[in-house]
Amino acid sequence: MKCFKLNFILALAWPFLMLSSCSNSDTNTSNTNVSVVESVSFDEVLMSRRSVRSYDATKTISEAEVRELLIATQEAPSWANQQPSKYYVAMTPEMVEAVSNLVGERNKQNIAGAPVLIVSTYEKGKSGFFRGEQTNEIGDGWGAYDNGLSNAYFILKARAKGFDTLIMGMRDSDELRKLFNISENEEVMAVISLGYRSGEPRQPEHRPLEEVAQFF
Ligand SMILES: Cc1cc2nc3c(=O)[nH]c(=O)nc-3n(C[C@H](O)[C@H](O)[C@H](O)COP(=O)(O)O)c2cc1C
């Protein structure tokens, strides 16, 4: 009888025990049943994420922290789950310097002090294709689309963890390909700086919603 009572109490309490044991582990990516609690709200992440063009050179970021951000990109949707995005992470001072020389003079100045630079690419012929045939007029554009989604997850997760980023489309793709030995089968997309902001970034103006959205 005692045993029955204990089982009954445990059965009732089990969901609460599970929740409390999981709420602190925001790095547990395998548990999809529990909503992940970050210390800032999603809206705060969206509103405080800005393109940061001035970095605090005294702060560093560990490989484990970068890995956590890259794991977040794997939650992004992609065409038929093709997951075409790939990342090349420069973390040593030599590699960071080498990449910063390939984003143009203005970008180079703006990302000075960012401890990590990441090149994103996508594998061609995957998203937008079925059995080697292009599915519609967009073709490999879907690979670029998926890469953008993946990068969006990266920059938002980065912000949620207190980091800052700048996506750079101005970059020398040929030299980056050589530097990281990137296959011709991949399209080199953006370079993303990762670091900590020094000072408050510029607030961009946004177009009125009426100009960009139509309701029918
Ligand atoms: C695909 C892409 C390429 C970009 N390239 C650059 C770049 O080379 N240099 C730069 O300073 N900003 C670059 N940006 C950042 C945009 O200028 C920025 O997102 C925009 O002005 C809005 O500001 P916000 O990101 O702070 O909201 C790029 C953004 C995207 C999405």
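Residues numbered from 1 in each chain as written. Predicted model: local features only at pLDDT ≥ 70, side-chain atom pairs only at ≥ 80, totals over all residues.

### As for the confidence of the model for the protein chain
Part 1 of the argument: Of all residues in the protein chain, 82% have pLDDT values of 70 or greater, and the mean over the chain is 87.
Part 2 of the argument: Segment residues 1-36: pLDDT under 50, and 10 contacts once partners within four positions in sequence are set aside and those in other chains are kept. (pLDDT = per-residue confidence, 0-100. Contact = placed C-beta atoms within 7 Å.)

### Digging into the sheet that holds strand β5 (residues 164-168)
Remark on secondary structure: sheet strands pair via backbone hydrogen bonds, oriented parallel or antiparallel.
Part 1 of the argument: With antiparallel pairing, 4 strands are arranged side by side in an open sheet as β1-β2-β6-β5. The two strands at the open ends of the sheet, each matched to only one other strand, are β1 (85-90) and β5. Strand-to-strand twist of the sheet, defined as the mean angle between neighbouring strand axes without regard to direction, takes the value 25°.
Part 2 of the argument: With 5 bridges connecting them, β5 and strand β6 (residues 186-195) associate as antiparallel partners. Within β6, the residue paired with Leu-166 across the bridge is Ser-193.
Part 3 of the argument: In the packing of helix α4 (residues 93-100) onto the sheet, the strands contacted are β1, β2 (116-123) and β6, and the crossing angle to β2 comes to about 65°.
Part 4 of the argument: Seen against the sheet, helix α6 (residues 141-160) touches β1, β2, β5 and β6 and runs at an angle of roughly 10° to β6. (Pairing = 2+ DSSP bridges. Helix = DSSP H or I, 4+ residues; strand = E, 2+ residues; numbered from the N terminus. Axes fitted to C-alpha atoms, helices over the stretch in contact; angles between N-to-C directions.)

### Some remarks on the site of the ligand
Part 1 of the argument: If you check the shell around the ligand, you find Arg-50, Ser-51, Arg-53, Asn-107, Asn-110, Leu-166, Ile-167, Met-168, Gly-169, Met-170, Ala-190 and Pro-204 and nothing else.
Part 2 of the argument: Of all elements in the fold, only α5 (105-110) and β5 reach the threshold of two or more residues within the shell around the ligand.
Part 3 of the argument: Broken down by element, the shell around the ligand gets its largest block of residues, 3 residues, from β5.
Part 4 of the argument: For the shell around the ligand, the per-class residue count stands at 6 nonpolar, 4 polar and 2 charged. (Near = placed C-beta within 6 Å. Nonpolar A, V, L, I, M, F, W, Y, C, P; charged D, E, K, R; others polar.)

### Here we look at unusual backbone geometry
For residues that are not glycine, phi is negative in most cases, and the peptide bond is trans in most cases.
Part 1 of the argument: Its identity is not glycine, yet Ala-80 carries a phi of approximately 45°, on the positive side.
Part 2 of the argument: Looking at where Ala-80 falls in the secondary structure, it is placed in the loop between α3 (63-73) and β1.
Part 3 of the argument: A positive phi angle, near 55°, is found at Asn-81, a position not held by glycine.
Part 4 of the argument: Tracing the chain through its elements places Asn-81 in the loop between α3 and β1.

### Some details on the pairing of β6
Working note: regular strand, side chains alternate between the two faces of the sheet.
Part 1 of the argument: Where burial is concerned, most of β6 is hidden: 9 out of the 10 residues are buried.
Part 2 of the argument: By the bridge criterion, 7 bridges tie β2 to β6 in an arrangement that is antiparallel. Opposite Glu-123, over in β6, you have Glu-186 as the bridge partner. (Buried ≥ 20, exposed ≤ 12 C-beta atoms within 10 Å, placed from the backbone.)

### As for the nonpolar core
Part 1 of the argument: If you look at the biggest cluster of nonpolar residues, it comprises 30 residues, and the most contacted ones within it are Val-116, Leu-117, Ile-118, Val-119, Val-191, Ile-192 and Leu-194.
Part 2 of the argument: Contributing elements (two or more residues each) for this core: α3, β1, β2, α6, β5 and β6.
Part 3 of the argument: At 6 residues, β6 tops the list of elements feeding residues into this core.
Part 4 of the argument: Every residue in contact with Val-119, bar those within four places of it in the chain, is listed here: Tyr-88, Val-99, Leu-176, Phe-180, Val-188 and Val-191. (Core = buried A, V, L, I, M, F, W, Y, C linked by C-beta atoms within 7 Å.)

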